[in-house]
Amino acid sequence: MEPSNGSFATARSITVTVNGTTFEREVEARKLLIHFLRDDLDLTGSHIGCDTGNCGACSVIVDGTLLKSCMLLAVQADGATIETVEGLAEGEQLSRLQQSFSDHHALQCGYCTPGMLMSATALLRENATPSDEEIKRALQGNICRCTGYWNIFEAVKAAAS
């Protein structure tokens, strides 16, 4: 950002590809990625849980890496390819992982579900047959306040097999 009249610019143009669609938007320099996704692009599947990076509800995949979007400025994602929970379904068909969550009753209030799905997606892309410990480790950055961890674990395990 370049100084403008002795102060720093407050907005910047960014280009991102989200779920296969490219967007160019003007964003405030201090806007978090989660707020950009939800407010500017109307992709409200990722949830705002804590704004501190602890709960995982806002997890997305940026250039192949799982990240918590409340810990990244939108301007830092300029030029990135971003995947959100909205991009997991294959048209009208749920992905194998999403269907497994449904089949194993891994949904209660649903607030943690987008982050859990994105964390599990990142895991299964790296390791199609993870061990129980690897599944637990991959999900540990997500908080489920309904304590649905066992069903979530079982859903990921089933999707992997």
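Everything below is about the structure printed above this text.
Residues numbered from 1 in each chain as written. Predicted model: local features only at pLDDT ≥ 70, side-chain atom pairs only at ≥ 80, totals over all residues. Heavy atoms only, no water.

Novice: Give a description of the overall build of the protein chain that names residues and reports values.
Specialist: Along the protein chain, the regular secondary structure elements total 5 helices and 7 strands. Helices and strands appear in the protein chain in the N-to-C order β-β-β-β-α-β-β-β-α-α-α-α. The globule rule puts the C-alpha radius of gyration for 161 residues at 15 Å, and the 17 Å found for the protein chain is close to it. Counting only C-alpha atoms and orienting by the principal axes, one finds that the protein chain spans roughly 60 × 30 × 25 Å. Relative to its full complement of 161 residues, the protein chain shows a buried share of 42%. (Helix = DSSP H or I, 4+ residues; strand = E, 2+ residues; numbered from the N terminus. Rg over C-alpha atoms; globule rule 2.2 N^0.38 Å. Buried < 20%, exposed > 50% of the residue type's maximum accessible area, 1.4 Å probe, protein only.)

Novice: Now, about helix α2 (residues 96-103): what can you tell me, with residues and values included?
Specialist: Among the residues making up α2, those that are buried are L97, Q98, S100 and F101. In a view along the axis of α2, the buried residues occupy a sector of 160 degrees, so they form one face of it. Those residues of α2 that are buried are in contact with α3 (113-126) and α5 (149-160). Directly beyond the C-terminal end of α2, a positive phi value near 50 degrees is found at H105. (Arc of directions from axis to C-beta. Contact = heavy atoms within 4.5 Å.)

Novice: Quick one: what's the story with the state of the cysteines, residue by residue and with numbers?
Specialist: Under the criterion given, the structure shown has 0 disulfides. Here C55 stays free of any disulfide, with the sulfur of C50 as its closest cysteine sulfur at 3.8 Å. Residue classification places C55 among the buried positions, given a relative accessible area of 4%. Cysteine C112 shares no disulfide, and the gap to the nearest cysteine sulfur, in C144, comes to 3.9 Å. Overall, C112 belongs to the buried group, its relative accessible area being 10%. (Disulfide = S-S within 2.5 Å.)

Novice: An account of the pairing of strand β4 (residues 21-28) is requested, with residue identities and associated values reported.
Specialist: Two strands pair when backbone bridges link them, and strand β3 (residues 11-18) and β4 are joined in this way by 8 bridges, in the antiparallel orientation. Note that in β4 the partner of V18 across the bridge is T21. Where β3 folds back on β4, the antiparallel hairpin that results is connected by 2 residues, among which N19 adopts a positive phi of roughly 50 degrees. (Pairing = 2+ DSSP bridges.)

Novice: Outline the packing of α3 against α5, listing residues and values.
Specialist: Axis separation between α3 and α5 bottoms out at 11 Å; the angle between their running directions is 35 degrees. In this structure, α3 meets α5 at a crossing whose hand is right-handed. Together, M116, A120, L123 and L124 of α3 and Y149, I152, V156, A159 and A160 of α5 make up the contact between the two elements. Along the lines of polarity and charge, the residues of the contact of α3 with α5 split into 9 nonpolar, no polar and no charged. (Axes fitted to C-alpha atoms, helices over the stretch in contact; angles between N-to-C directions. Left-handed = near helix turned anticlockwise from the far one by under 90°. Nonpolar A, V, L, I, M, F, W, Y, C, P; charged D, E, K, R; others polar.)

Novice: Help me get a handle on the nonpolar core, residues and values and all.
Specialist: Across soluble globular proteins, nonpolar side chains have a tendency to be buried as a group. Core analysis: the largest hydrophobic core is formed by 23 residues, its most contacted members being L97, F101, M116, I152 and V156. Breaking this core down by element, the ones donating at least two residues are α2, α3, α4 (132-139) and α5. For this core, the element with the most residues is α3, which contributes 7 residues. Apart from the residues lying within four places of it in its own chain, the contact partners of I152 are F101, A106, C112, M116, L139 and C144. One finds L41, L72, V75 and A77 within the second-largest nonpolar core, a separate group that totals 18 residues. (Core = buried A, V, L, I, M, F, W, Y, C linked by side-chain atoms within 4.5 Å.)

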